[in-house]
Amino acid sequence: MISPSKTQHLQHPFFDEYKVQVSVKRDDSIHPIISGNKWRKLKYNLAFIKQQKKITGAISFGGSYSNHIHAFAFACHQQGIPCIGIIRGEAGYADNYTLTWARHWGMQLHFVDRKTYRRRHDSDYITELQKQFPNYFIIPEGGSNELAIPGVAEVMSELKHQCQFDTLLTPVGSGGTLAGLITGDEEHNENVHKLLGVAVLKGADYLVDEVKALLPEKAKRHQNWQVLTEYHCGGYAKFSLEDAKRILEFNHITGVDFEPVYSGKMVLALLNLLAQGYFNAGERIVLLHTGGMQGLGGMIERGILTAEQWPIPLIDR
Ligand SMILES: *Cc1c(COP(=O)(O)O)cnc(C)c1O
């Protein structure tokens, strides 16, 4: 486990042109398997589970290529916690890159259809599930619950000792990461930073309320954050060949690998915002690299990308 994760300065001709300083916080390198922000979000969830004698296992939810499911399966395996994944889709997905690993680490997979999966936040569905698995702790999709917040907040206390900056960018899926960053910023800094969440899915205006719902009372004072909803590239896990090329070029220039589902969309947002003149000259920007490289395994497997384009060290099966 490498925490605090390191912060690294990035060079790019665009940054010189617009006179900004850009660094990346490498949460992708916290752990070789547990995707960065998922490690942060699971940290206190797993500690809580271990502490509660009555809890004998954990359940969570995800799509069939989910970074959260992959991270959750490994983390539970590592901690000796039996776990169940409620997976959206058909049982045929059990052999894909992500779920083969999840099974390898001992996760029990329960496939549900889209209609059932849509009920994942409904209290009657959760009550039913809890009855079925009375001693299991239920963690929502993406790991975004109250216990996720203090884990992610630690990013801000680490950054405080690592670099001075004005603005931080993070990708946003369910909102737990952004909520944790807002909380940590409010907790550790007299003058809060500007926090920009880049929504990776379409029609994401609802995320503002999701983030607010996750904020502890005192973090609600933080007013300097925003969810940018224009940089989803067509929807969740969607992107054009052109988008992929721009991310690959950025990876090549900076020497840091970003993937096209989460962190790459943050990169594209950064490039677009720069071109719009959004940032002030001299502005110091931090990108939070949230990890998610395992997702490339499934994309390479499906022929969406090639291993040559994305030379990521994926673990062979
Ligand atoms: C899950 C995930 C996110 C989104 O985080 P949320 O807390 O759900 O908003 C961002 N980046 C990566 C790599 C992820 O796996």
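Here's a quick rundown of the structure. These numbers come from a predicted model, not from an experiment. (Residues numbered from 1 in each chain as written. Predicted model: local features only at pLDDT ≥ 70, side-chain atom pairs only at ≥ 80, totals over all residues. Heavy atoms only, no water.)

Strand order in the open sheet formed by 4 strands is S5-S4-S3-S6, with parallel pairing between adjacent strands. Both edges of this open sheet fall to strand S5 (108-112) and strand S6 (136-138), since each of them pairs with a single strand only. On average, each strand axis in the sheet is inclined to that of its neighbour by 25 degrees, with strand direction left out of account. As paired elements, strand S4 (residues 83-88) and S5 share 5 bridges and run parallel to each other. Pairing of Ile87 across the sheet is with Phe111, part of S5. Seen against the sheet, helix H3 (residues 67-79) touches strand S3 (57-62) and S4 and runs at an angle of roughly 165 degrees to S3. (Pairing = 2+ DSSP bridges. Helix = DSSP H or I, 4+ residues; strand = E, 2+ residues; numbered from the N terminus. Axes fitted to C-alpha atoms, helices over the stretch in contact; angles between N-to-C directions. Contact = heavy atoms within 4.5 Å.)

This part takes up the sheet that holds strand S8 (residues 194-199). Spatially, the 6 strands line up as an open sheet ordered S1-S2-S10-S7-S8-S9, and their pairing is mixed. What marks the edges here is a single partner per strand, and that holds for strand S1 (7-10) and strand S9 (225-228). For this sheet the average axis-to-axis angle between neighbouring strands, irrespective of direction, equals 25 degrees. Of the pairings in the sheet, the one linking strand S2 (residues 21-26) to strand S10 (residues 284-289) comprises 6 bridges and is parallel in character. Residue Val22 lies in a different strand from S10, and its bridge partner there is Ile285.

Residues in contact with the ligand amount to 17 residues; listed here are only the nearest, Lys38, Lys41, Ser174, Thr177 and Thr290. A distance of 2.8 Å separates an oxygen atom of the ligand from a polar backbone atom of Gly175. Protein chains bury 98% of the 380 Å² of accessible surface belonging to the ligand in isolation. Those elements that place two or more of their residues in the shell around the ligand are helix H2 (36-51), strand S7 (167-172) and helix H8 (176-188). In terms of residue count, H2 provides more of the shell around the ligand than any other element does, 3 residues in total. Among the residues making up the shell around the ligand, the classes are represented as 3 nonpolar, 12 polar and 2 charged. (Near = heavy atom within 4 Å. Polar contact = N/O pair within 3.5 Å; in protein donor to acceptor, adjacent residues only side chain to side chain. Areas by Shrake-Rupley, 256 points an atom, 1.4 Å probe, with all protein chains shown as cover. Nonpolar A, V, L, I, M, F, W, Y, C, P; charged D, E, K, R; others polar.)

That's the geometry; what it means functionally is another story.
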